[in-house]
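Understanding the architecture of this molecule
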Amino acid sequence: MAALAASWSVPAAAQTAEPVQERSCRLLSEMPAAEQAAIRSDAVNAGRPIPDGAEIEVCRERIRSGTLLADLYGPQDAAYRSVIRWTPGSQIPFRGDADAILRGMPILLKDNIETADMPTTAGSLALVDNAPGRDAPLVTRLRDAGALILGKANLSEWANIRSSSSISGWSAVGGQTRNPYAPERTPCGSSAGSAVAVAIGLAPAAIGTETDGSITCPASVNGVVGFKPTVGLVSRTHIVPISHSQDTAGPIATTVEDAAIVLSVIAGSDPLDPATAEADARKVDYRAALDANSLNGTRIGVLRFLVPNYSAETQAVFEANLQAMRDAGAELVEITEAPADFRQIGGWELTVLLTELKHDLNLYLASTDPEQVKTRTLADVIAFNAAEPRETVLFGQDLFERAEATGGLTDPAYVEARERSFRAAGPEGIDRMMAEHGVIALTAPTTSRAWTNDPDDDDRSQGSASRLAAVAGYPHLTVPMGFDRGMPVGISFMAGKWDDAKVLSLGYAFEQRTRARRAPTPQTIH
């Protein structure tokens, strides 16, 4: 298990920067065979395979003692703004024994996840001093497994729930995170910084959160793996919330194997989060459950009714990858009709999210230190934003205002919307499609290419596979499948509640078969 951490190296931007004290280089061909094989494998996983016969120089560096983490890692991120803040100082607190599963593995956290040593802002100036001195339970699990928390990743402010016109990857605290494949295009959100940081190699994995698409969309458009677990598998305690019905944290990584390893660590029950009551009984060793032959003999449903929504280029890439799955032995079943109430789910979902946002955010704000966080309710945050021009320079807060007007968790409109949306997406949606078509999982393109951030541009978002799994609370994995006009796009695998291991294994088999990920070329943005 420790091999994961051992495969990570110093950021490229540090190789000629001030922190480097000593540098030694060798030709790859002069190194022991086992070391050559490990380096080649790491290069494949990073999306930069070494061509056969190519002669390369492998360099290792010793870092100057006392170098601040911000100075070591910051230069590589300067063009992308994926990180809001680095863990302070020159050393990362470490715990865990020599056999810890994540020993020495660098991980970034989306900045709506609390840590004891840094503020947690959700990207908002209202929370810029929010430092209650506590680790979220998932952070405790990471630290106990030997992970090194590098810092906090930027995000779409308030996880994209403040405004219907919000810009993905922008927050008043962190600015605009850039897509490393094309800086004028969206990094998607809300876990934009987590996905970009992994894509550019700052860390092999990061933690994002998703309510609907906030892990899978940024992972897809930034060419990395993203996994939204079953809601209730991972604790949400001490994470700035939107919706207790749909929120979950999950891993973003360069490979499915890395995502599975991280999930094995963060999954588990938390007495402070009732949704996780079954997690200890349901969790498994997700890495051990991966099977490179799991596509062979497996019936998978193709969500054909979604496909016309995507760009022509993404549709073509998807069809080529469906054939790759057939070549791997999968039996693909066309599902041409959407669930009966599919078109109504979005409206019901918004009612649920806005109602739960007011309730859940008020509870979270009440748990913070009033000396640090003066905004004690959603109404206070709305007033803060109205008085703070840096918050509203790009878009407003219409969704916050609508949430403040909701009637609470006993409101009949909310109760009906939650019941109908869940039933339509879960029992009458994913579950019924799988049962009626005799399939064990579903697949569709995750997104089309990243669209531009220019509101006057006609290149818009095209297609999404996230809603059914998000509203049902079921697992959803995206894996790189190719490129649409030079921009990465992912393929989605979904299944029923607690089918996390199955979904990861199918995605792993697909990944091993196709090896579609290609790392971005470093950008210089002025």
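About the thresholds
Residues numbered from 1 in each chain as written. Predicted model: local features only at pLDDT ≥ 70, side-chain atom pairs only at ≥ 80, totals over all residues. Heavy atoms only, no water. Helix = DSSP H or I, 4+ residues; strand = E, 2+ residues; numbered from the N terminus. Buried < 20%, exposed > 50% of the residue type's maximum accessible area, 1.4 Å probe, protein only. Phe/Tyr/Trp six-rings, centres within 6.5 Å; stacked < 30°, edge-to-face > 60°. Pairing = 2+ DSSP bridges. Axes fitted to C-alpha atoms, helices over the stretch in contact; angles between N-to-C directions. Parallel < 35°, antiparallel > 145°, perpendicular 65-115°, else oblique. Contact = heavy atoms within 4.5 Å. Nonpolar A, V, L, I, M, F, W, Y, C, P; charged D, E, K, R; others polar. Disulfide = S-S within 2.5 Å. pLDDT = per-residue confidence, 0-100. Salt bridge = Lys/Arg side-chain N within 4 Å of Asp/Glu carboxyl O. 1 Å grid on protein atoms, 1.4 Å probe; cavity = no way out; pocket = protein on both sides within 12 Å on 5 of 7 lines; lining within 4 Å. Points joined across faces, edges and corners; volume = space filled by probe spheres on them. Core = buried A, V, L, I, M, F, W, Y, C linked by side-chain atoms within 4.5 Å.

1. A short note on unusual backbone geometry
- Each neighbour pair has its own omega, and for glycine 189 with serine 190 the value is 15°, a cis peptide bond.
- Not every positive phi belongs to a glycine, and tryptophan 158 is a case in point at roughly 50°.
- The topology assignment puts tryptophan 158 in the loop between β5 (148-153) and β6 (170-171).
- A relative accessible area of 4% means that tryptophan 158 is categorised as buried.

2. Points about the packing of aromatic side chains
- Taken as a whole and assessed by the stated rule, the structure comprises six aromatic pairs.
- With 5.3 Å between their ring centres and 80° between their planes, tryptophan 170 and phenylalanine 395 make a pair best called edge-to-face. You can see tryptophan 170 sitting in strand β6 and its partner phenylalanine 395 sitting in the loop between α11 (378-387) and α12 (398-404), a full 225 residues away along the chain. Comparing tryptophan 170 with phenylalanine 395 shows no difference in burial state: the two are buried.

3. Some thoughts on the sheet that holds strand β14 (residues 476-484)
- The strand order across the open sheet built from eleven strands is β3-β5-β4-β8-β10-β9-β14-β15-β13-β11-β12, with neighbouring strands paired in mixed fashion. Where the open sheet ends on each side, the last strands, each with one partner, are β3 (83-86) and β12 (331-335). Across this sheet, the average inter-strand angle for adjacent strands is 30°, counted without regard to direction.
- Of the pairings in the sheet, the one linking strand β9 (residues 225-228) to β14 comprises three bridges and is antiparallel in character.

4. Quick look at the packing of helix α7 (residues 256-266) against helix α15 (residues 500-514)
- Interaxial distance between α7 and α15 falls to 9 Å at its minimum, and their mutual angle equals 155°. In terms of axis orientation, α7 runs roughly antiparallel to α15. Counted together, Val256, Glu257, Ala260 and Leu263 of α7 and Leu504, Gly507, Tyr508 and Glu511 of α15 form the full contact between these two elements.
- Here the residues of the contact of α7 with α15 sort into five nonpolar, one polar and two charged.

5. Re α7
- Of all eleven residues in α7, ten are buried, a share of seventy percent or more.
- Taken together, the buried positions of α7 are Val256, Asp258, Ala259, Ala260, Ile261, Val262, Leu263, Ser264, Val265 and Ile266.
- Glycine 268 occupies a position one or two residues after α7 and carries a positive phi of about 150°.

6. Overview of the pairing of β12
- With five bridges joining them, strand β11 (residues 299-303) and β12 adopt parallel strand pairing. Bridged to arginine 299 within β12 is glutamate 331.

7. Structural notes on the environment of aspartate 431
- Here aspartate 431 is to be found in helix α13 (residues 412-437).
- The partly exposed category is assigned to aspartate 431, whose relative accessible area is 28%.
- Between the C-alpha atom of aspartate 431 and that of threonine 120, which follows or precedes it by 311 residues, the distance is 37 Å.
- In this structure, aspartate 431 is in contact with Gly426, Tyr474 and Gly496, ignoring residues within four places of it in sequence.

8. Examining the state of the cysteines
- Here the structure, examined in full by the defined rule, presents one disulfide.
- Residue pairing for cysteine 188: its cysteine sulfur links by disulfide to cysteine 217, the two sulfurs lying 1.9 Å apart. Judged by the sign of its S-S torsion, about 105°, the cystine formed by cysteine 188 and cysteine 217 is right-handed. Of the two residues, cysteine 188 sits in the loop between β7 (175-176) and α5 (192-199) while cysteine 217 sits in helix α6 (residues 216-221), which places them 29 residues apart along the sequence.
- Residue class for cysteine 188 comes out buried when judged on its relative accessible area of 5%.
- Looking at cysteine 217, the relative accessible area reads 11%, which means it is buried.

9. Considering the confidence of the model for the chain
- Confidence in the prediction of the chain, expressed as mean pLDDT, is 92, and 93% of residues score 70 or more.
- When the criterion is pLDDT under 50, residues 1-18 qualifies, and its contacts beyond four places in sequence or with other chains add up to 35 contacts.

10. Comments concerning the pattern of salt bridges
- Scanning the model with the defined rule gives 25 salt bridges in all.
- The residue arginine 467 makes a salt bridge to glutamate 349 at a minimum N-O spacing of 3.1 Å. Taken together, the positions of arginine 467 in helix α14 (residues 467-472) and glutamate 349 in helix α10 (residues 345-366) put the pair 118 residues apart, joining distant regions of the chain.
- Where arginine 432 meets glutamate 428, a salt bridge forms, and the shortest distance between an N and an O atom there is 2.6 Å. Of this pair, arginine 432 and glutamate 428 are both found in helix α13, four residues apart, which corresponds to roughly one turn of the helix.
- When its relative accessible area of 36% is taken as the criterion, arginine 432 is described as partly exposed.
- Taken together, the shared-partner salt bridges in this structure form one network comprising Glu313, Arg449, Asp484 and Arg485.

11. Remarks on the layout of surface pockets
- Size it by volume and the second largest pocket reaches roughly 990 Å³.
- Around the second largest pocket, the lining comprises 36 residues; the ones closest to its centre are Asp212, Gly213, Ser464, Ser466 and Arg467.
- Those elements giving two or more residues to the lining of the second largest pocket turn out to be α6, α10 and α14.
- Among the elements that take part in the lining of the second largest pocket, α10 stands out by supplying four residues, more than any other.
- Among the residues forming the lining of the second largest pocket, the class breakdown is 14 nonpolar, 19 polar and three charged.

12. Let's talk about the nonpolar core
- Grouped together as the largest cluster of nonpolar side chains are 87 residues, with contacts concentrated most on Leu138, Leu142 and Ile207.
- It is α7 that provides the largest number of residues to this core, a total of eight residues.
- Look past the residues within four positions of leucine 138 in its chain and what remains in contact with it is Ile113, Ile207, Val234, Ser235, Ile239, Ala249 and Ile266.
- Tyr73, Trp86, Leu150 and Ala195 belong to the second largest nonpolar core, which has 24 residues in total.

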